[in-house]
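Next come the chains, spelled out residue by residue.
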Amino acid sequence: MKKIKPRNIIQLLFFLTVLIITLAKNAEELGITFLSSIEGVSLHSICPFGAVETFYTLITGQGLIPKIHPSSLVLFVILVISAVLFGGAFCGFICPLGSIQELVGKFGKKLFPKKYNKLVPHKVDKYLKYLRYVVLAVIVYFSSYSLSLVFADYDPYFALFNFYTEEVALTAILVLVIVLVSSLFIERPWCKYLCPLSAVLGVFNKFRIFKIVRNKTTCINCKKCDNVCPMNIKVSEKEIINDTNCISCLKCTSDEICPIDNTLDMKIGGLKWK
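As the structure is a computational prediction, the values presented were derived from the model and not from experiment. (Residues numbered from 1 in each chain as written. Predicted model: local features only at pLDDT ≥ 70, side-chain atom pairs only at ≥ 80, totals over all residues. Heavy atoms only, no water.)

A. Here's a closer look at the pattern of salt bridges. Tallying each qualifying case throughout the model produces eight salt bridges. The partner of E187 in a salt bridge is K109, with the nearest N and O atoms 3.7 Å apart. A residue pair is termed long-range when its members are at least 10 positions apart, and E187 in the loop between α10 (170–182) and α11 (189–193) and K109 in helix α6 (residues 96–111) qualify at 78 residues. Residue classification places E187 among the buried residues on the basis of a relative accessible area of 5%. We classify K109 as partly exposed; its relative accessible area is 36%. Residues K251 and E187 are paired through a salt bridge, measuring 3.4 Å at the closest nitrogen-oxygen approach. With K251 in the loop between α13 (224–228) and β2 (264–268) and E187 in the loop between α10 and α11, this residue pair connects regions lying 64 residues apart in the sequence. Linked by salt bridges that have partners in common, R7, E102 and R188 make up one network. (Salt bridge = Lys/Arg side-chain N within 4 Å of Asp/Glu carboxyl O. Helix = DSSP H or I, 4+ residues; strand = E, 2+ residues; numbered from the N terminus. Buried < 20%, exposed > 50% of the residue type's maximum accessible area, 1.4 Å probe, protein only.)

B. Spotlight on the nonpolar core. Grouped together as the largest cluster of nonpolar side chains are 53 residues, with contacts concentrated most on F49, L97, V235 and L264. Broken down by element, this core gets its largest block of residues, five residues, from helix α9 (residues 156–162). In this structure, F49 is in contact with L136, I139, F151, P196 and L197, ignoring residues within four places of it in sequence. (Core = buried A, V, L, I, M, F, W, Y, C linked by side-chain atoms within 4.5 Å. Contact = heavy atoms within 4.5 Å.)

C. Highlighting the pairing of strand β1 (residues 211–214). A one-sided burial pattern is seen for β1, the buried positions being I212 and R214 and the unburied ones K211 and V213. In terms of strand pairing, β1 meets β2 through four bridges, oriented antiparallel. Paired with R214 across the two strands is L264, which belongs to β2. (Pairing = 2+ DSSP bridges.)

D. Seen up close, helix α8 (residues 131–146). In this model α8 runs 22 Å from its N-terminal to its C-terminal C-alpha over 16 residues, within 8% of the 22 Å that 1.5 Å per residue would give. Those residues of α8 that sit buried are R132, L136, I139, S143 and S144. Buried residues along α8 cover an arc of 115° about the axis, so they all sit on one side. Exposed and facing more than 90 degrees away from the buried side of α8 are Y141 and Y145. Among the structural elements, α2 (49–53), α3 (55–59), α11 and α12 (196–202) are those in contact with the buried residues of α8. Backbone geometry just downstream of α8 places L147 in the positive-phi region, at approximately 55°. (Expected span 1.5 Å × (residues − 1). Arc of directions from axis to C-beta.)

E. Representation of the state of the cysteines in the model. Applying the stated criterion across every chain yields a total of zero disulfides. In this structure C222 is a free cysteine whose sulfur lies 6.1 Å from that of C258, the closest cysteine sulfur available. For C222, a relative accessible area of 34% gives the class partly exposed. Of all cysteine sulfurs, the one in C225 lies closest to C252, which takes part in no disulfide; the gap is 6.4 Å. Its relative accessible area of 9% is what places C252 among the buried residues. (Disulfide = S-S within 2.5 Å.)

Purely geometric numbers; function is a separate question.
Printed below as a string of structure tokens:
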């Protein structure tokens, strides 16, 4: 029996947490008390991206965009602190949409073992990754201009947990379906090419405190780290993995796929993080 990894347990716990909160909120709107302890809590109130969407209106004195809860600001501050420490770990350990793409991807690996996550040429892939920043800029601009959650009509994360309600736009469901189907061929396509939150968090990989470091002296250049990376990062060509697409999933490390001890590890200074 395959051993369940701690990261997978964390992913499952956060997915179930968001699912329960969403079910409780939707039941509450129908007059049904699902869980009184989380009454009034909605998906908007636990989404840190709301702080990004309303950033411009907040600093220009226009207040929060409607439907964005102050708790989003608090969560975003916590997220920034975690990103300073561990880079994009939120994407690799916590984000439910990332987790569901990863799950669908497991079926893709079995269906297309040789071609999975290799369909997009590297030369194209490295430019497609910048689309996240275009998406981010468009969302912030139009949200600030209209003072509304423009992205909600296209948000696959919101659709994932609310697809059965009238609150979700058909376009959001369509985007979700495209993302999930694409996950059968490309690993984490939303995270890699379009997610605006990963665009923000990825910047912190450049100066994170706990860094993923490759020891070039002990490295045998087997390329296993390159092959296992869900974000198509050429890990074997770097000494410090500070790519803005890194989600800190730790799949490339010596505790996972790297066959040589103390060759690929998360470290602070010279100390290894366990």
